[in-house]
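What follows is the residue order along each chain.
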Amino acid sequence: MKADIRASCLRRAYFRFALTLAPIPVVIWLAARGQPLAAALLFCTVLTTMVIGTLVPRCSLFGRMIKQLPQAENQALLTIDDGPHPEHTPAILDILDRHRIKALFFLVGKNAALHPQLVREIITRGHEIGNHTQTHPAGTFWILHPGRLWREIADCQETLAALCPDQPPRFFRPPAGHHNLFTALIAHALGLRMMLWSARGFDGVLTDVPTITQRIARRLKAGAIVLIHEGTPVAVEVAQAVTSLLTASGLKCVPPDSLAFSDDEVVVERRAAP
């Protein structure tokens, strides 16, 4: 059955790819007819659309995604990417316990295979795990062809489902939030809903904890999906600061299975003030 689903999904993905190439003959025809301006305009329009839809993390041009929780409830969701990590995961789990916060851990399949006991510990302590690809190819994920994309997402799903068969991942997050026109299609075929975020501090590249925390604080409100990372030089310090921030905010952080998600809500992410 899975082979049938894969074949059907990949056929649809390659059909989408073929559609993106359809303007090329028109561009060539316009150029041949002596209309280089029109040809350039069409080419640039298609290229700009593809770049925006791929590299802007919260752009849902190529598929539906969860970008925030319903704001009617005084709730937020803490999500933690790139684990499990042998040093950071135990420390972060203890921090979450102290603050009585439940989180969604987006795990990398190869890391989970190396530290299966940590995956099970996350579940045991009342948190949820999500799919964050098998090898986390952050620099190239957005240009992967459909077959490779399928393997990255499906292999991670198999890895995590084998470790926690009673609670397999229900959500997927692409590395760095970059996704192409095949990503949502493949995730959906594998029974996953794509989730991004609404509040992040860029802790994957910054190391100043107060700056990271302030960036998150500026976007922290009811309905926020907060993003932090494991595997960074300041991962534990950021986890401590952000959980303290969430506790002080009065927002309730609960597991995703108790939340009602809206994955088609249009949300504009405003840049933080400098």
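It should be noted that the structure appears before, not after, this text.
Everything numeric here is computed off the predicted structure, so don't read it as measured data.

### Concerning the pairing of strand β1 (residues 75-83)
Alright, step 1. When you tally the buried positions in β1, you get 8 out of 9 residues, the bulk of the element.
Alright, step 2. Bridge analysis of β1 against strand β8 (residues 252-253) gives 2 bridges, and the strand direction is parallel. For A76, the partnering residue across the bridge sits in β8 and is C253.
Alright, step 3. Both β1 and strand β7 (residues 225-229) contribute to a ladder of 5 bridges, which runs parallel. From the neighbouring strand, L77 faces β7, where its bridge partner is I225.
Alright, step 4. Bridge count between β1 and strand β2 (residues 103-107): 5 bridges; the pairing is parallel. Of the residues in β2, the one forming a bridge with I80 is F105.
Alright, step 5. Crossover connection from β1 via helix α4 (residues 88-99) to parallel β2: handedness right-handed.

### A look at the nonpolar core
Alright, step 1. With 36 residues, the main nonpolar core has L78, F105, V226 and L246 as its most contacted residues.
Alright, step 2. Listing elements by their share of this core, those giving two or more residues are β1, α4, β2, α6 (116-124), α7 (146-163), α9 (209-219), β7 and α10 (235-249).
Alright, step 3. Ranked by residues supplied to this core, first place goes to α10 with 5 residues.
Alright, step 4. Non-local contacts of V226, meaning those with residues more than four positions away in its chain, are made with L77, L78, T79, A199, I216, L220, V242 and L246.
Alright, step 5. Formed by 34 residues, the second largest nonpolar core is a distinct cluster that contains L77, F182, A187 and M194.

### Some details on α4
Alright, step 1. In this model, α4 (12 residues) spans 17 Å end to end at C-alpha, consistent with the 16 Å of a helix rising 1.5 Å per residue.
Alright, step 2. Turning to α4, its buried residues number three or more, namely H88, T89, I92, L93, I95 and L96. Here the buried residues of α4 occupy an arc of 160° about the axis, which is enough to place them on one side.
Alright, step 3. Looking at the buried residues of α4, the elements they touch are β1, β2, α6 and α10.

### Describing the side chain of T243
Alright, step 1. Counting through the fold element by element, T243 comes out in helix α10.
Alright, step 2. With a relative accessible area of 1%, T243 lands in the buried category.
Alright, step 3. Beyond its immediate stretch of four places on either side in the chain, T243 contacts L78, I95, L96, H99 and I101.

### Here we look at the layout of surface pockets
The gaps of empty space that remain are located by a probe, the size of a water molecule, rolled over the atoms.
Alright, step 1. Taken as a whole, the largest pocket holds about 520 Å³ of empty space.
Alright, step 2. Along the walls of the largest pocket sit 23 residues, with F17, T20, L21, L47 and M50 positioned nearest its centre.
Alright, step 3. Among the elements of the structure, α1 (2-21), α2 (23-32) and α3 (36-55) are those that each provide at least two residues to the lining of the largest pocket.
Alright, step 4. It is α3 that contributes the most residues to the lining of the largest pocket, 8 residues altogether.
Alright, step 5. Within the lining of the largest pocket, the residues separate by chemical class into 19 nonpolar, 4 polar and no charged.

### A look at the pattern of salt bridges
Alright, step 1. What the rule picks out here adds up to 6 salt bridges.
Alright, step 2. In this structure, D97 engages R125 in a salt bridge whose closest nitrogen and oxygen atoms are separated by 2.7 Å. Here D97 is found in helix α4, whereas its partner R125 is found in the loop between α6 and β3 (128-131), with 28 residues between them in sequence.
Alright, step 3. By relative accessible area, which is 22% here, R125 ends up partly exposed.
Alright, step 4. With a shortest N-O distance of 2.9 Å, R170 and E128 are connected by a salt bridge. Of this pair, R170 sits in the loop between α7 and β4 (171-172) while E128 sits in strand β3, placing them 42 residues apart in sequence.
Alright, step 5. Residue R170 is classed as partly exposed on the basis of its relative accessible area of 35%.
Alright, step 6. Look at E128 and you get buried, because its relative accessible area is 9%.
Alright, step 7. One salt-bridge network, held together by shared partners, links D94, D97, E121 and R125.

About the criteria used
- Counting restarts for each chain: residues are numbered from 1 in the order of the written sequence.
- At least 70 in pLDDT is required for a residue's local features to be given in this predicted model, at least 80 for side-chain atom pairs to be given and counted, and no such filter applies to totals for whole chains, interfaces and linings, which use all residues.
- Hydrogens are left out, water is left out, and the side-chain values use all remaining heavy atoms of the structure.
- Only protein chains enter the accessibility calculation, which uses a 1.4 Å probe; a residue whose area is less than 20% of its type maximum is buried, one above 50% is exposed, and one in between is partly exposed.
- Numbering of helices and strands runs from the N terminus; a helix is a DSSP stretch of H or I covering at least four residues, while a strand is a stretch of E covering at least two.
- In this scheme, strands are said to pair when DSSP sees at least two bridges between them.
- When the strands point away from the viewer and the path from the first strand over the helix to the second turns clockwise, the crossover is right-handed.
- Buried Ala, Val, Leu, Ile, Met, Phe, Trp, Tyr and Cys residues form a nonpolar core when they are joined through side-chain atoms within 4.5 Å.
- We call two residues in contact whenever any of their non-hydrogen atoms come within 4.5 Å of each other.
- In a helix, the anticipated span is given by 1.5 Å times the number of residues less one.
- Arc definition: it is the arc formed by the directions from the helix axis to the C-beta atoms.
- The distinction between a cavity and a pocket rests on a 1 Å grid over the protein atoms alone: a 1.4 Å probe fits inside a cavity but cannot get out, while a pocket stays open yet meets protein on both sides within 12 Å along at least five of seven lines, and a residue with an atom within 4 Å of a point counts as lining.
- Grid points are joined across faces, edges and corners, and a volume is the space filled by probe spheres set on the points.
- Classes in brief: Ala, Val, Leu, Ile, Met, Phe, Trp, Tyr, Cys and Pro nonpolar; Asp, Glu, Lys and Arg charged; the others, Gly included, polar.
- Any carboxyl oxygen of Asp or Glu that lies within 4 Å of a side-chain nitrogen of Lys or Arg is treated as forming a salt bridge with it.

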